[in-house]
Amino acid sequence: MAGNKNESLVGTGTASVWAGERTHAPYERSTQVPVVHSVSFGYDDIDTWQAVSLGKEEGHIYSRNTNPTVRAFEEKIRALEGAQAATSFSTGMAAISATLFTFLRSGDRVVSIKDSYGGTNKLFTEFLPGFGVRPRLCDTSDFQQLEQEIRLGCKLLYLETPTNPTVKIVDIERLARVAHDVGALVVVDNTFATPINQNPLALGADIVLHSATKFLGGHADALGGAACGSKELVQEIYHFREINGATLSPGDAYNLLRGMKTLSLRVSRQNDSALKIARWLQTHPAVDQVNYPGLESHAHHEVAARQMRGFGGILSFSVKGGLPGIKRFLPQLRYAHRAANLGCVETVVGPPSVTSHVECSAEERAAAGIPEGLVRYSTGIEDVEDLIADLQQALATVS
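A short tour of the structure in this document, coming up. Values in this document were obtained by computation on a predicted structure and should not be read as measured data.

### Description of the pattern of salt bridges
Two side chains that carry opposite charge are able to pair once their charged atoms sit near each other. By the definition in use, this model includes 14 salt bridges. Across the pair E126 and K122 runs a salt bridge whose closest N-O atoms are separated by 3.6 Å. With E126 and K122 both in helix 5 (residues 118-127), this residue pair falls 4 residues apart, about one helical turn. Shared partners join several salt bridges into a network, and the residues in it are E21, K76 and K261.

Here it is as structure tokens:
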């Protein structure tokens with residue numbers, strides 16, 4: 001678990017490159033964080049061994065708990081989110097699950113939104129009720145309803161903004177204020193925005209979560225998750241994770257570290273390209289609706305402009321003809337992976353029925369306000385002119 005460092009404030013580009021890089025003891029004068037695959041770490045005397053195991057001295061005991069390579073990743077995301085501490089996980093869903101199971105008990109009430117990521121939604125609708133937790137899922141765009149439900153009392157408020165895949169925006173500061181009035185913890189999934197575009201802790205959140213698999217890694221070659229927040233809260237989450245065992249592997253931590261060095265550059269380009277593509281799609285006759293918080297037509301554009309520094313690389317849009325139209329359109333794309341991933345250097349596309357909400361039925365997706373004719377478009381770092389030309393030729397098959 002990474003701890004707070006008395007570092008000077010630097011820009012996100014500099015932090016992306018340097019944060020966490022000096023947490024390791026240089027091996028043969030290496031400039032890069034080494035991959036430490038060792039499962040255990042040995043000590044010659046019992047007193048030092050015990051001091052490290054109790055957290056009284058720096059060091060590592062067993063890689064299920066902590067590891068030098070993993071620690072460097074935790075320190076980098078901690079610095080980027082402006083948190084006191086961070087801990088890591090084998091996947092983003094492990095981070096979400098561990099956080100919810102750390103703080104929720106039978107009889108507790110949790111307030112959240114209807115159209116969160118499909119796996120998260122399943123936790124609220126299928127798994128947590130089995131443990132006696134009472135979820136209340138609200139219309140994502142109805143901030144008044146969310147406030148009313150929070151004021152009825154809850155242990156935890158769980159938000160995701162922008163949402164996956166409808167790209168809706170939730171007012172973190174407004175809802176966090178109400179949640180804290182009733183003593184609730186505020187947890188925010190910041191995967192879509194990334195710490196380059198948004199820092200929920202600065203807006204009142206208590207815990208920030210990431211699927212590091214997506215934008216943080218950026219190259220679709222490593223699974224991982226992270227939780228950031230105060231030392232006290234992260235320590236509780238870490239304790240759950242060290243016992244339940246959803247540990248980030250050193251190899252994945254290394255790939256995530258390498259990917260995060262270009263995070264600021266990648267996200268900046270993806271922000272610019274996604275906005276240009278969204279504006280272009282708005283003019284196309286084969287497209288019914290475009291969802292992107294950078295568009296003035298977005299229902300909560302003003303909220304996004306206030307709490308975000310950039311609008312992100314993800315957009316979604318509805319194709320005329322619904323799912324049959326998508327089946328004609330998607331195979332024609334030349335510069336896009338048709339896959340269940342997002343946030344990487346290549347453009348990735350797909351409908352929610354096989355990506356974000358594959359675990360949900362068509363009825364459950366409809367209840368969450370997710371049409372079957374929706375396409376989630378994760379903008380890569382390709383030349384935007386090529387991406388627009390690619391969309392144009394593929395959409396011709398629909399119109």
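Let's pick the thread back up.
### Here we look at the packing of helix 3 (residues 68-81) against helix 10 (residues 250-260)
At a closest axis distance of 8 Å, the pairing of helix 3 and helix 10 adopts a crossing angle of 35°. In this structure, helix 3 meets helix 10 at a crossing whose hand is left-handed. Residue-level inspection shows T69, V70, A72, F73, K76, I77 and L80 of helix 3 in contact with helix 10, the latter providing P250, A253, Y254, L256, L257 and M260. Among the residues making up the contact of helix 3 with helix 10, the classes are represented as 11 nonpolar, 1 polar and 1 charged.

### A word on the packing of aromatic side chains
To describe a pair of aromatic rings, one takes the distance between the centres and the angle between the planes. Here the structure, examined in full by the defined rule, presents 5 aromatic pairs. A centroid spacing of 5.6 Å and a plane angle of 70° characterise the contact between F124 and Y158, whose relative ring orientation is edge-to-face. You can see F124 sitting in helix 5 and its partner Y158 sitting in strand 4 (residues 156-160), a full 34 residues away along the chain. Pair check on accessibility: F124 and Y158 agree, each one buried. In textbook terms, an aromatic cluster arises when at least three aromatic residues are bridged by ring pairs, as seen for F317, F329 and Y377.

### Comments concerning the sheet that holds strand 12 (residues 374-378)
The mixed open sheet is built from 5 strands, whose spatial order is 8-9-12-11-10. Looking along the sheet, the strands with just one partner apiece sit at the ends: strand 8 (287-291) and strand 10 (337-338). Relative to strand 9 (residues 314-319), helix 11 (residues 263-282) is tilted by about 15°, and along the sheet it contacts strand 8, strand 9 and strand 12.

### Some thoughts on the sheet that holds strand 1 (residues 85-89)
Strands pair in a sheet through their backbones, by hydrogen bonds, and they do so in one of two ways: parallel or antiparallel. Pairing is mixed in the open sheet, where 7 strands are placed in the order 1-7-6-5-4-2-3. On the outer flanks of this sheet lie strand 1 and strand 3 (134-138), each paired with one strand and no other. Each neighbouring strand pair of the sheet contributes to a mean axis angle of 20°, computed without reference to strand direction. Strand direction decides the pairing type here: strand 5 (residues 185-189) and strand 6 (residues 207-211), joined by 3 bridges, are parallel. Directly across from D189, in strand 6, lies its bridge partner L209. Along the sheet, helix 3 contacts strand 1, strand 6 and strand 7 (225-229); its crossing angle with strand 1, the most-contacted strand, is approximately 130°. Sheet strands in contact with helix 6 (residues 143-151) are strand 2 (109-113), strand 3 and strand 4, and its direction is about 175° off that of strand 2.

Parameters and conventions
Residues numbered from 1 in each chain as written. Predicted model: local features only at pLDDT ≥ 70, side-chain atom pairs only at ≥ 80, totals over all residues. Heavy atoms only, no water. Salt bridge = Lys/Arg side-chain N within 4 Å of Asp/Glu carboxyl O. Helix = DSSP H or I, 4+ residues; strand = E, 2+ residues; numbered from the N terminus. Axes fitted to C-alpha atoms, helices over the stretch in contact; angles between N-to-C directions. Left-handed = near helix turned anticlockwise from the far one by under 90°. Contact = heavy atoms within 4.5 Å. Nonpolar A, V, L, I, M, F, W, Y, C, P; charged D, E, K, R; others polar. Phe/Tyr/Trp six-rings, centres within 6.5 Å; stacked < 30°, edge-to-face > 60°. Buried < 20%, exposed > 50% of the residue type's maximum accessible area, 1.4 Å probe, protein only. Pairing = 2+ DSSP bridges.

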